[in-house]
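Residues per chain, in single letters:
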Protein chains: 2
Amino acid sequence: MDNNSIAWKFINGGVAAPKGFYAVGVQAGIKAKDKYDVALVFSQVQAQAAGVYTRNLVKAHPLYLTQRHLQNGLAQAIVVNSGNANACVGVAGDHAALAMAQVVATFMAVPAEDVLVASTGVIGVEMPIDRVLSGIRAASAELLGDMVKGIREPKEISENGAHRAALAIMTTDTTVKERAYELPCEGGVVRLGGMAKGSGMIHPNMGTMLGFLTTDANIASSELQRILREAVDESFNMVTVDGDTSTNDMVLFLANGASGMTLSKEELSNFENMVKTMCIQLAQDIARDGEGASKFMEVKVFGAKTKEDAQKIAKSICGSSLVKAALFGEDANWGRIFTAAGYAGAEFNPEKVDILLGDLIVAQAGRGVAFSEEKAKEILALKDVHIRLNLHMGEEQATAWGCDLTHEYVTINGSYRT
Amino acid sequence: MDNNSIAWKFINGGVAAPKGFYAVGVQAGIKAKDKYDVALVFSQVQAQAAGVYTRNLVKAHPLYLTQRHLQNGLAQAIVVNSGNANACVGVAGDHAALAMAQVVATFMAVPAEDVLVASTGVIGVEMPIDRVLSGIRAASAELLGDMVKGIREPKEISENGAHRAALAIMTTDTTVKERAYELPCEGGVVRLGGMAKGSGMIHPNMGTMLGFLTTDANIASSELQRILREAVDESFNMVTVDGDTSTNDMVLFLANGASGMTLSKEELSNFENMVKTMCIQLAQDIARDGEGASKFMEVKVFGAKTKEDAQKIAKSICGSSLVKAALFGEDANWGRIFTAAGYAGAEFNPEKVDILLGDLIVAQAGRGVAFSEEKAKEILALKDVHIRLNLHMGEEQATAWGCDLTHEYVTINGSYRT
C-alpha cells in the first residue's frame, strides 16, 4: 500500500521509466535455453550513484568491483547476469567481473569505472565468460538502437526492454518484480523505477536478493546513499526468507538528473517516502514469492523503546522456524511468537506484551487470553497473515515480512545439486 | 568419546550415582496416562549449587524462583515437572512454582529456599497444580523410603529411581538421556551424575533444554558456577536444533561433598574435564534425538583467531536451514556451508578457508576444488556427518552439533496444537 497515493502515481516502464534511462534483457545461454540471463541498465548521462551490499563476509567477485567503482559516487551503467554467482572461484572471478565492465564500457563509450556489475546464481563454478560477454554485446547493441530512436523522437519508454531486464536478473523467482512511480513537482515530474529479484524460498546456491533503482531526479550521491540506506533498512533488510544472507546481495541506485528538477525540501521528503515505498513493495514481492511458500507473513512491532529493538523482534519472529511452521499449519501458536521475540536480543518487559493475530488479541500483558478459535482459524486460513505485538515501552515501531516453512522448501532445498 | 578414558569410567545410576543423592520419577497425570511427569532429586545434606539459564528475555515462572533460591549458592532438592512449562500465565504461575517448592520443603524437611524448580511443556496454559503437588508428595514419600533404606545399609544406587526421573523430565524426547562417571582420586572416588532432556526437533511449545548434574565432590558454589558455565558454553550452548531458545532452558549443578574428598589441583582439572565431557555427551544426545531427524551433524571450526569466532561460525553452520536441508538431501553443498560461515558475525579471511566433509577436501583457500562425488556420497550417506573448516587465522577452535531439516520437522511443527 502506498503511503500517500495522492503524492505519486503508478506508471509503466520499470527501471526505464525515468528520463534518460534505458534497459534490456537478453538470452545469453547461461541459464537454460529460452531464459533471459543478461540485463543491462544504462543512463544517457553520467549519474550520481549509491549502493548497499551483503553483510556476509564472503563476497562474490562482482561485489568487490562494484564497491571500488562506486567509491567516487558516479556510474552510468549496471550489467547483471543470472545463472552464475561468480563467487568463490579465485582470481578468474575477478577477471570475469572486470571483463563484463570493460565490454559495456567499450560498446557504450563510457569509462569502465562507471560500470557496476552484479551476478546471481550458482556459487563456486567459473563463469561461462564467452557467453556472458557475447550477451553483453547483444544487449549493448540493442540499447544503442533504442537510444538512437529516443533521441530522434520523444522517448518511448522501452517497457519491453525493462521487463526483459527484470526477467534476466531472476533465478528461482516465479514472478517478475518491477515497479515505477511518477511524482509531480513544481514545474514537472520526477520518476522512480525499480526491479528486484529474490525468492521467499531460496533455491540451492541461488539465494540472492538484488535490487536496482533508477531516477531522473537531481540528487547528489551522498544524499542518494543516505536515502537508499534508510529505505533498504526498512525494506530489503526486513525480509526474512530462511535467515541466510547470500554472498551476492546488492541494491544499487542511479540518479541522473535528466528530469531537470531540483527538489524542494517538501518534494525531497515526498521523494524519500516514494523510494521507501518502492523498496517495501519490492521486498514484500520477494517475501511472497517462493516455490512452495503458501503464506505471506507481516509482523508489526510497535510500542518499542527503540527502532532497533522493534526491528530485531519483528525479524526474529519472521525468521523463527517454529513460527513459520505454525503458520504453515495454520496454528494460532502465540507461545512461539512470544518465544521468538524473547531471544531477539532486544529490550522489553515480557509482562507488558500484547500479541494480536489480525485484530484478534491472543495474549495480553504477557499471558494468554481466551480467544475465539473459530476467528483465529479464519485469520490463519488467509494467504496474508498479519501478526502484531505491542510492547508498551515507547513509541518506536518496525515491520518485517516473511513466509511459512513448508514441505516444498524441504523438497527443493534437500534435492541433489543439479 | 571421553577425553581421557583412563581418568574416569562409566558407571550406572544417573543423577543418583554420587554419594548422598537420591532421585525418583512418578506419574502425576500431567502428561498422558502411564507417562512419568514429576521428578525429584534430593541430597541428604545441603549442597553447593550453581545454575545457568536461558538467554530468552521471556522466562518461565519457575526460572525466576530458581534464580532467587540460587542467590546464596546453596540448595538441597530439585523438583521438575513435564507436560506444562508454567510460563506466561501471570501470577498464578509464580504461585504454582512456589507451591511446588513448599511441598518439597514440607515433606523433605528442608527450607523452601533450598528447593529449585523446573518445568517443561506447553506454554501459556495454567499448571494442573493439584496433580503436580500430589505427584510431588508421592515422589517425596518414595525418596524418604529410599533414604531410610540407604541409611540402614550401604546405599543401593537407586538406578531405577534415577532412570524414572530422567523419563519424567522428557517431553518429545524419544530416548532417555542420563550418564554417570566415577573419577578415582587420592584416597577415594568422586562421582558425577547427569540427566538431560531436549530433542533435535522441537515439538510445539515444548522446545526446552534441561540439564541436571550431581556430584559428591567438595566444591564451593562459586567454583561450581565457573565449572558449569565453561562446560555449558562448550556443550549445551553449542547445540543448535532449530535456532529457537525456549523460555525454560536451564542447567543446574549440585555438589554435596558427601564423598569426603577435597580435590587436588590435578584432580580438579580431571574433574572439570569430566564435567565438560558429561555435558558434551548429553548435548550430543539432544542433537541426535529428534522425531524426524535422520542425521547428526558435527561442525568443527579450527584455526580461528578467537574461540568466540570459532563458536559463532560453527553454530551458524549448524543452524543454517540451507545447510540442514542439504544434509537431509545428502548434498555436498559447500557453498551453503561457506555462506553460513560468512554471516556468522565472526572474523576471517574468505580466501584462506578450507572446507572438509569428513576427510574429503571440498574447498581450499576459499574456492571449490575437484572432489570425488562418490566419496562425498559415501560420507553423506552416514548417519553422523562431520564438517570441518580450517580458517588459517590462529589457534582457536570450537565444535557445534545439530541435525538435518526434514519433512518430519515440518509435519510435527505444522500440526495443529493438541
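Treat the numbers as computed from the prediction; the structure is a model and nothing was measured.

## Here's the deal with the overall build of chain A
Consideration 1: When its secondary structure is counted, chain A shows 11 helices and 15 strands.
Consideration 2: Over its C-alpha trace chain A gives a radius of gyration of 22 Å, about what one expects of a compact globule, namely 22 Å for 418 residues.
Consideration 3: Expressed as lengths along the three principal axes of its C-alpha atoms, the size of chain A is roughly 70 × 55 × 35 Å.
Consideration 4: Here chain A holds 418 residues, and the buried ones make up 63% of them.
Consideration 5: Here the analysis covers contacts within chain A between residues at least 6 apart in sequence; of these, 79% occur between residues at least 24 apart.
Consideration 6: Of the accessible surface of chain A, which amounts to about 15100 Å², a share of 51% is contributed by carbon and sulfur atoms.
Consideration 7: Mean positive and mean negative side-chain charge positions of chain A (38 and 48 charges, respectively) differ by 2 Å.

## Side note on the packing of helix H1 (residues 61-69) of chain A against helix H2 (residues 91-108) of chain A
All names here are of chain A.
Consideration 1: It is the contact of H1 with H2, at a shortest axis distance of 8 Å, that shows an interaxial angle of 50°. The angle between the axes of H1 and H2 places the two elements in the oblique class. As for the relative orientation of H1 and H2, their crossing is right-handed in sense. On H2, the residues that touch His61, Pro62, Leu65 and His69 of H1 are Gly93, Asp94, Ala97, Leu98 and Ala101.

## Concerning the relation of the copies chain A and chain B
Consideration 1: Between the two copies, chain A and chain B, the superposition gives an RMSD of 0.1 Å; the rotation angle is 180° and the shift along the axis is 0.0 Å. Look at the turn and shift together and you get a two-fold axis relating the two. Distance from the rotation axis, computed per C-alpha, reaches its smallest value in chain A at His407 of chain A: 2.8 Å.
Consideration 2: Of the residues that chain A buries at the interface, 100% are likewise interface residues in chain B, meaning the two copies contact each other through the same surface.

## A short note on the sheet that holds strand E12 (residues 360-364) of chain A
Residue and element names in this part refer to chain A.
Consideration 1: Read from one edge of the open sheet, six strands run E13-E12-E11-E14-E10-E15, paired in mixed fashion. Each end of this open sheet is capped by a strand with a single partner; those strands are strand E13 (367-368) and strand E15 (396-403).
Consideration 2: Where strand E10 (residues 296-304) meets E15, seven bridges bridge the pair, whose relative direction is antiparallel. Across the sheet, the residue bridging to Val299 is Ala400, located in E15.
Consideration 3: Contacting strand E11 (354-357), E12, E13 and strand E14 (384-390), helix H9 (residues 334-342) runs over the sheet at an angle of about 130° to E11.

## Some words on the interface of chain A and chain B
Consideration 1: At the interface, 58 residues of chain A touch 58 residues of chain B.
Consideration 2: Counting each side, the surface lost to burial between chain A and chain B is near 4400 Å², with a carbon and sulfur contribution of 55%.
Consideration 3: For the pair chain A and chain B, the number of links is two salt bridges.
Consideration 4: A salt bridge links Arg367 of chain A to Glu126 of chain B, with the nearest nitrogen and oxygen atoms 3.7 Å apart.
Consideration 5: Counting across the interface, chain A meets chain B through eight residue pairs in polar contact (both at pLDDT 80 or more).
Consideration 6: Residue assignment for the side of chain A that touches chain B shows that the elements contributing at least two residues are helix H8 (321-328), H9, E13 and helix H11 (407-414) of chain A.

## Focus: the nonpolar core
Consideration 1: In this structure, Phe236, Phe271, Ile313 and Leu389 of chain A are the most contacted members of the largest nonpolar core, which totals 109 residues.
Consideration 2: Ranked by the residues each element gives to this core, the list is headed by helix H6 (residues 265-288) of chain A, at 11 residues.
Consideration 3: Sequence-distant contacts of Phe271 of chain A, that is, excluding residues within four places in its chain, are made with Leu183, Val190, Thr215, Ala217, Ile219, Ile227, Phe253 and Leu263 of chain A.
Consideration 4: Formed by 108 residues, the second largest nonpolar core is a distinct cluster that contains Leu252 of chain A together with Ile219, Leu327 and Ala340 of chain B.

## What to know about the pattern of salt bridges
It is possible for side chains of opposite charge to pair when their charged atoms get near one another.
Consideration 1: Under the definition given, this model contains 36 salt bridges over all chains.
Consideration 2: As a salt-bridge pair, Glu234 of chain A and Lys307 of chain A come within 3.6 Å of each other at their nearest N and O atoms. A residue pair is termed long-range when its members are at least 10 positions apart, and Glu234 of chain A in helix H5 (residues 221-234) and Lys307 of chain A in helix H7 (residues 307-319) qualify at 73 residues.
Consideration 3: Its relative accessible area of 26% is what places Glu234 of chain A among the partly exposed residues.
Consideration 4: Note that Arg288 of chain B and Asp384 of chain B form a salt bridge whose closest N and O atoms lie 2.8 Å from each other. A residue pair is termed long-range when its members are at least 10 positions apart, and Arg288 of chain B in helix H6 (residues 265-288) and Asp384 of chain B in strand E14 (residues 384-390) qualify at 96 residues.

## Quick notes on the sheet that holds strand E10 (residues 296-304) of chain B
All names here are of chain B.
Consideration 1: A sheet is described by the order of its strands in space; here six strands give the open sequence E13-E12-E11-E14-E10-E15, paired in mixed fashion. In the strand order of this sheet, the two ends are held by strand E13 (367-368) and strand E15 (396-403), each with one partner.
Consideration 2: Each of E10, E14 and E15 is contacted by helix H7 (residues 307-319), which is oriented at about 20° to E15, the strand it contacts most.
Consideration 3: On top of the sheet, helix H9 (residues 334-342) reaches strand E11 (354-357), strand E12 (360-364), E13 and E14; it is set at about 130° to E11, its chief contact.

## Some words on H9 of chain B
Consideration 1: Among the nine residues in H9 of chain B, nine count as buried, and that is most of the element.
Consideration 2: Those residues of H9 of chain B that fall on the buried side of the exposure criterion are Trp334, Gly335, Arg336, Ile337, Phe338, Thr339, Ala340, Ala341 and Gly342 of chain B.

## Things to note about the UniProt feature "active site" (unreviewed entry) in chain A
Consideration 1: Here, the residues flagged by UniProt with the feature "active site" (unreviewed entry) are Thr208 of chain A.
Consideration 2: Checked against the element boundaries, Thr208 of chain A lands in the loop between strand E7 (188-197) and strand E8 (210-215).

## Structural notes on unusual backbone geometry
Residues and elements named next belong to chain A.
Consideration 1: Of note in this structure, Asp34 is not a glycine but carries a positive phi near 65°.
Consideration 2: Along the chain, Asp34 falls in the loop between strand E2 (21-26) and strand E3 (38-53).
Consideration 3: For Ala109, which is not glycine, the phi dihedral falls at a positive 55°.
Consideration 4: Relative to the helices and strands, Ala109 resides in the loop between H2 and strand E5 (115-122).
Consideration 5: The exposure class assigned to Ala109 is exposed, which follows from its relative accessible area of 70%.

## Considering the domain arrangement of chain A
Accessible area lost on assembly of the parts is the figure often given for the size of an interface.
Residue and element names in this part refer to chain A.
Consideration 1: Entries for chain A in the domain assignment read domain 1 (4-288) and domain 2 (296-414).
Consideration 2: Taking only C-alpha atoms into account, the centre of domain 1 sits 32 Å from that of domain 2.
Consideration 3: With 18 residues of domain 1 at the interface, the matching set in domain 2 holds 21 residues.
Consideration 4: For the pair domain 1 and domain 2, the summed buried area comes to about 1600 Å², and 58% of that belongs to carbon and sulfur atoms.
Consideration 5: Connecting domain 1 to domain 2 are two salt bridges.
Consideration 6: The interface formed by domain 1 and domain 2 includes three residue pairs in polar contact (both at pLDDT 80 or more).
Consideration 7: Counting residues per element, the side of domain 1 that touches domain 2 draws most heavily on H6, which supplies four residues.
Consideration 8: Residue composition of the side of domain 1 that touches domain 2, by class: eight nonpolar, six polar and four charged.

Rules used in this analysis
Residues numbered from 1 in each chain as written. Chains lettered and ligands numbered in written order. Predicted model: local features only at pLDDT ≥ 70, side-chain atom pairs only at ≥ 80, totals over all residues. Heavy atoms only, no water. Helix = DSSP H or I, 4+ residues; strand = E, 2+ residues; numbered from the N terminus. Rg over C-alpha atoms; globule rule 2.2 N^0.38 Å. Buried < 20%, exposed > 50% of the residue type's maximum accessible area, 1.4 Å probe, protein only. Contact = heavy atoms within 4.5 Å. Areas by Shrake-Rupley, 256 points an atom, 1.4 Å probe, with all protein chains shown as cover. Lys, Arg positive; Asp, Glu negative; His and termini not counted. Charge placed at Lys NZ, Arg CZ, Asp CG, Glu CD. Axes fitted to C-alpha atoms, helices over the stretch in contact; angles between N-to-C directions. Parallel < 35°, antiparallel > 145°, perpendicular 65-115°, else oblique. Left-handed = near helix turned anticlockwise from the far one by under 90°. Least-squares fit on C-alpha atoms with pLDDT ≥ 70 in both. Pairing = 2+ DSSP bridges. Buried area = accessible area lost by both parts, 1.4 Å probe. Salt bridge = Lys/Arg side-chain N within 4 Å of Asp/Glu carboxyl O. Polar contact = N/O pair within 3.5 Å; in protein donor to acceptor, adjacent residues only side chain to side chain. Core = buried A, V, L, I, M, F, W, Y, C linked by side-chain atoms within 4.5 Å. UniProt positions renumbered as here; feature names shortened; annotations may be inferred. Domains from an automatic or database assignment. Nonpolar A, V, L, I, M, F, W, Y, C, P; charged D, E, K, R; others polar.

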